[in-house]
Amino acid sequence: MAVDTIDALSRVPLLAEMERTQLERLARSFRERRFDAAQVVTREGEEGAGFFVIVEGVAAVTVRGETRRELGPGDAFGEMALIDRGPRSATVIAETGLLCLALSPWDFRAFVEENPSVAWSLLETMAARLRAADAHHDH
Ligand code: CMP
């Protein structure tokens, strides 16, 4: 069954401040992507070309083999490699069947540049991750 993209996007905290008309426009750029349990969505160290929002299912984020986080419906990932055009910083692996909505790098950039509240949320997440990574190194 095809997902109601607008409905799914309206449940994503990162997009909470977007207006309905903007969300409708954005929904046209997202593509449905499905992954089976145990399938790798992004692989640490490799190139990647997608920004993902989880609609259904659970995924694990691992860095150098260590699990850092679980992601579920409403969570987004895959922004880092698109922002700095570097390799994926983590492996994201489906723990259950996963239904995602995905944006291409060029649509992702346009979307972030047009939506300062989204850019700010991404910065908050990245600042928190940087602090956590620094704390990790101090141990
Ligand atoms: P990217 O590096 O493009 O691909 C892997 C994604 O996993 C990354 O973007 C982030 O969205 C996410 N990610 C990386 N490190 C962490 C972390 N420590 N905690 C949660 N998510 C992460």
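To be clear, the structure that these remarks concern was listed above.
These notes cover the structure that comes with them. None of the values given here were measured: they were computed from a predicted structure.

## As for the side chain of Thr5
At step 1: Of note, Thr5 is situated in helix H1 (residues 5-10).
At step 2: Thr5 gets classed as buried once you look at its relative accessible area, which sits at 18%.
At step 3: Beyond its immediate stretch of four places on either side in the chain, Thr5 contacts Ala27, Phe30 and Leu101.

## Some details on the pairing of strand S4 (residues 59-63)
At step 1: The element S4 is extensively covered by neighbouring structure, given that five of its five residues are classed as buried.
At step 2: Side chains Ala59, Val61 and Val63 project from S4 onto one buried face, and the interleaved Ala60 and Thr62 project onto a second face that is buried too.
At step 3: Taken together, S4 and the strand that follows it, strand S5 (residues 66-71), pair antiparallel across an intervening segment of two residues, in which Arg64 is found at a positive phi of about 45°.
At step 4: Where S4 lies against strand S7 (residues 91-94), four bridges are found, and the strand directions are antiparallel. When the sheet's bridge partners are listed, Ala59 is paired in S7 with Ala94.

Rules of the game
- Residues numbered from 1 in each chain as written.
- Predicted model: local features only at pLDDT ≥ 70, side-chain atom pairs only at ≥ 80, totals over all residues.
- Heavy atoms only, no water.
- Helix = DSSP H or I, 4+ residues; strand = E, 2+ residues; numbered from the N terminus.
- Buried < 20%, exposed > 50% of the residue type's maximum accessible area, 1.4 Å probe, protein only.
- Contact = heavy atoms within 4.5 Å.
- Pairing = 2+ DSSP bridges.

From the geometry alone we can't say anything about function, so treat these as descriptive.
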